[in-house]
Amino acid sequence: MAQTETVKETKAQRVERLKREKNPWEALDEVRGFARTGFDSIPSEWLGTYFRWWGVYTQGDGAGVVGGKGGEGKALPCFMLRIRIPNGILNSLQLRTIAELTRRHARGIADLTVRQNIQLHWVTIETLPEILEALWQCGLNTMGACGDVTRNVTGCPVAGVDADEICDASPLALSATQMLAGNPDFYNLPRKFKISITGCRVWCAYPEINDIGLTAVTRTLNGKPETGFSLRVGGGLSAEPHLAARLNAFVQWNQVEPVIKGIAELFRESTQLREHRERARLKFLFLKHGWTADDFQKELEQRVGFHLDPALSEHAPADVYRDHIGIHAQKQPGYCYVGAAVLRGRITAEQMRNAADLADRFAKGELRTTNMQNLLVVNVPRLQAESLAKELDAIGLRVGGSPFWRGAVACSGTEFCKLAITETKSFSRWLVEELEERLPGFEQHLKLHVTGCPNSCGQHWIADIGIEGKKLKVGDHMQDAYYFCLGGAVGLHQSIARPVGYRCLASEVPDAIERLLRRYLDDRFSNENLRQFFARHGDAELRAFLAGEVVEAVARDLSPGRVPHGIEG
């Protein structure tokens with residue numbers, strides 16, 4: 001009798017089977033059970049899959065992918081925990097709660113993320129239920145911060161107070177969150193699903209790199225002004241970046257929810273996107289399956305049951321800084337918001353507690369997190385804004401600072417992430433300090449993004465200077481190195497950063513950036529910014545600027561072992 005061969009599941013097939021078998025949002029009692037029985041009692045399907053639906057995923061051992069095998073590093077018996085903060089809207093009680101949880105259960109440090117979340121580390125299974133309960137009691141949640149679901153819905157952090165905004169779109173971000181997060185109809189998407197909704201003019205929520213990007217526009221209809229939204233779909237970065245496609249649509253205010261729901265349903269039911277985990281994002285309908293913006297719009301309109309009005313001309317922001325750092329007048333007379341740059345997003349429990357206290361003292365306890373890993377206090381009386389700024393500076397949260405301090409963004413890196421190749425957080429701080437010392441008079445706005453692997457959680461593809469973690473062999477040891485991508489932009493001049501073929505050891509990065517920026521200062525045209533300077537030079541010239549001499553190009557994807565994929569950040 002012929003023996004039947006057992007066909008091994010692919011990674012995608014296994015995850016799809018696990019999702020069909022269980023909605024993790026309905027299995028909280030199992031999490032509570034693990035807390036009683038300990039880490040060793042947790043089955044692999046929870047460690048590798050289900051926990052993510054609760055904003056929880058295993059923490060690396062500090063070596064990253066290089067210290068493991070199969071494209072993933074080893075895990076410690078503790079977790080990273082991501083707290084979802086829709087539209088970045090936070091109050092002092094909530095921040096104080098996070099600060100106390102960070103002090104007690106996360107070794108005193110947390111990270112602000114590029115989706116307005118706050119992420120804790122070193123969380124144990126025994127304390128996880130207590131942390132979740134404390135967050136729920138102050139109106140926060142972790143559901144949907146990770147996993148194959150709608151991630152944190154982002155928006156302009158100064159929605160409702162921005163003196164120049166088209167509209168306050170934060171109610172739509174909050175209603176979209178309520179519609180999708182925790183909804184059993186949307187617990188099983190092919191992969192993560194990212195939405196940004198903004199009424200601001202500078203598009204600080206980056207609609208260009210979201211699965212759904214809604215940006216406010218106005219029209220006059222029957223003699224009356226009406227606010228609606230432009231619609232972009234299919235944006236995303238990771239190892240294969242794709243800027244979102246704009247549809248020929250004006251989305252009316254009351255159409256936003258059904259349009260978002262319709263797109264989420266199209267994504268959910270795209271069976272071809274479930275065949276490969278690495279190609280399961282909405283963008284791959286455009287990158288791999290031949291869809292066009294017109295195709296997508298036809299499918300969407302059929303799904304929602306109505307036609308969308310034609311798109312209006314829009315005013316994409318040109319070369320503006322989107323970080324909201326500094327003191328800015330609000331639309332409310334006599335009030336300001338004060339933005340503090342949190343270097344590489346790393347913040348301590350003490351800083352969070354102090355920031356919450358300052359928000360109570362100087363304002364109404366209202367704070368906001370931003371997509372550039374920063375923290376704002378809103379509704380500050382104008383006469384007290386300078387005093388608040390000094391107090392924030394005193395606790396290490398700079399209101400202003402150099403372009404290097406303001407522009408630095410960094411992913412988790414090998415310190416905590418199993419998929420990273422290089423350490424990023426301490427490196428970014430050292431890099432910023434070096435550049436501040438070497439180039440004290442540099443004033444050009446600069447986005448300097450550090451990402452520890454090709455997955456681009458540090459968003460290096462949209463940075464002026466984006467560096468991607470690699471490894472180089474020096475003697476008998478592998479050392480951290482970085483590959484340079486230059487000239488990324490969003491808005492009017494949107495462009496994916498160019499891999500220019502230059503790579504160097506991490507210890508040599510400040511030298512390379514100093515050489516590049518000094519060449520810019522020496523050779524720039526009048527009023528020429530970095531994007532324009534990079535655009536008028538070829539890759540070979542830019543490599544020479546970085547290296548200080550003519551050098552041959554090196555391939556971007558050279559790294560030891562398999563390049564990791566599938567990051568859930």
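Residues numbered from 1 in each chain as written. Predicted model: local features only at pLDDT ≥ 70, side-chain atom pairs only at ≥ 80, totals over all residues. Heavy atoms only, no water.

### Thoughts on the overall build of the chain
Moving on, step 1. Check the secondary structure of the chain and you find 16 helices and 20 strands.
Moving on, step 2. What you see for the chain is a C-alpha radius of gyration of 23 Å, in line with the 25 Å of a compact globule of 569 residues.
Moving on, step 3. Overall, the C-alpha framework of the chain stretches about 80 × 70 × 50 Å when taken along its three principal axes.
Moving on, step 4. Across the 569 residues of the chain, 60% fall into the buried class.
Moving on, step 5. For the chain, restricting intrachain contacts to residue pairs at least 6 apart in sequence, the fraction spanning at least 24 positions comes to 71%.
Moving on, step 6. Accessible area for the chain stands at about 22,100 Å²; split by element, carbon and sulfur atoms hold 48% of it.
Moving on, step 7. Side-chain charges of the chain comprise 69 positive and 69 negative groups, with the mean position of each set lying 1 Å from the other. (Helix = DSSP H or I, 4+ residues; strand = E, 2+ residues; numbered from the N terminus. Rg over C-alpha atoms; globule rule 2.2 N^0.38 Å. Buried < 20%, exposed > 50% of the residue type's maximum accessible area, 1.4 Å probe, protein only. Contact = heavy atoms within 4.5 Å. Areas by Shrake-Rupley, 256 points an atom, 1.4 Å probe, with all protein chains shown as cover. Lys, Arg positive; Asp, Glu negative; His and termini not counted. Charge placed at Lys NZ, Arg CZ, Asp CG, Glu CD.)

### Details of the sheet that holds strand β16 (residues 408-410)
Moving on, step 1. With mixed pairing, 5 strands are arranged side by side in an open sheet as β16-β17-β18-β19-β20. In this open sheet, the two strands that pair with only one neighbour each are β16 and β20 (498-505). Between one strand axis and the next, the sheet turns through 25° on average, direction left out of account.
Moving on, step 2. Sheet analysis places β16 next to strand β17 (residues 448-451), joined by 3 bridges and oriented parallel. (Pairing = 2+ DSSP bridges. Axes fitted to C-alpha atoms, helices over the stretch in contact; angles between N-to-C directions.)

### Some points on the nonpolar core
Here is a general trend for soluble globular proteins: nonpolar side chains tend to be buried in one another's company.
Moving on, step 1. Ranked by internal contacts, the top residues of the largest apolar core, which has 61 residues, are Phe-51 and Leu-120.
Moving on, step 2. The dominant element in this core, judged by the number of residues it contributes, is helix α10 (residues 349-362), at 6 residues.
Moving on, step 3. Counting 40 residues, the second-largest nonpolar core is a separate cluster that includes Ile-195, Val-233, Ala-264 and Leu-266. (Core = buried A, V, L, I, M, F, W, Y, C linked by side-chain atoms within 4.5 Å.)

### Structural notes on the packing of aromatic side chains
Moving on, step 1. If you walk through the whole model with that rule in mind, you get 20 aromatic pairs.
Moving on, step 2. Ring centres of Phe-34 and Trp-46 lie 5.5 Å apart, and the angle between their planes is 75°; on these two criteria the pair is classed as edge-to-face. Taken together, the residues Phe-34 in helix α2 (residues 28-37) and Trp-46 in helix α3 (residues 44-48) connect sequence positions 12 residues apart. For the pair formed by Phe-34 and Trp-46, the shared burial category is buried. (Phe/Tyr/Trp six-rings, centres within 6.5 Å; stacked < 30°, edge-to-face > 60°.)

### So, the side chain of Thr-142
Moving on, step 1. Position of Thr-142 among the secondary structure elements: in the loop between α5 (128-137) and α6 (170-180).
Moving on, step 2. Classification of Thr-142 by relative accessible area gives buried; the value is 1%.
Moving on, step 3. At 2.7 Å, the side chain of Thr-142 forms a polar contact with the backbone oxygen of Trp-54.
Moving on, step 4. If near-sequence neighbours (up to four positions away) are discounted, Thr-142 is found in contact with Trp-53, Trp-54, Gly-55, Leu-81, Arg-82, Ile-83, Arg-84, Leu-132 and Leu-135. (Polar contact = N/O pair within 3.5 Å; in protein donor to acceptor, adjacent residues only side chain to side chain.)

### Looking at the pattern of salt bridges
Moving on, step 1. For the structure shown, the criterion picks out 43 salt bridges.
Moving on, step 2. Note that Asp-148 and Arg-277 form a salt bridge whose closest N and O atoms lie 2.7 Å from each other. Residue Asp-148 is found in the loop between α5 and α6, and its partner Arg-277 is found in the loop between α7 (256-268) and α8 (284-287); the two are separated by 129 residues along the sequence.
Moving on, step 3. Residue classification places Asp-148 among the buried residues on the basis of a relative accessible area of 1%.
Moving on, step 4. With a closest N to O distance of 2.9 Å, Arg-281 and Asp-211 form a salt bridge. With Arg-281 in the loop between α7 and α8 and Asp-211 in the loop between β6 (195-198) and β7 (212-221), the pair connects residues that are 70 residues apart, well separated along the chain. (Salt bridge = Lys/Arg side-chain N within 4 Å of Asp/Glu carboxyl O.)

### Some words on unusual backbone geometry
For residues other than glycine, phi is negative in most cases, and the peptide bonds are mostly trans.
Moving on, step 1. In this structure, Gln-373 takes a positive phi of about 65° despite not being glycine.
Moving on, step 2. In this structure, Gln-373 sits in the loop between β14 (366-369) and β15 (375-381).
Moving on, step 3. Even without being a glycine, Asn-379 presents a positive backbone phi close to 60°.
Moving on, step 4. Topologically, Asn-379 is positioned in strand β15.

### Let's talk about empty space enclosed by the protein
Moving on, step 1. Inspection of every chain in the model, using the stated rule, returns 3 cavities of 30 Å³ or more.
Moving on, step 2. Approximately 40 Å³ is the volume attributed to the second largest cavity.
Moving on, step 3. Lining the second largest cavity, in full, are Gly-155, Pro-157, Cys-204, Arg-322, Asp-323, His-324, Thr-370, Asn-371 and Met-372.
Moving on, step 4. In terms of residue class, the lining of the second largest cavity is built from 3 nonpolar, 4 polar and 2 charged. (1 Å grid on protein atoms, 1.4 Å probe; cavity = no way out; pocket = protein on both sides within 12 Å on 5 of 7 lines; lining within 4 Å. Points joined across faces, edges and corners; volume = space filled by probe spheres on them. Nonpolar A, V, L, I, M, F, W, Y, C, P; charged D, E, K, R; others polar.)

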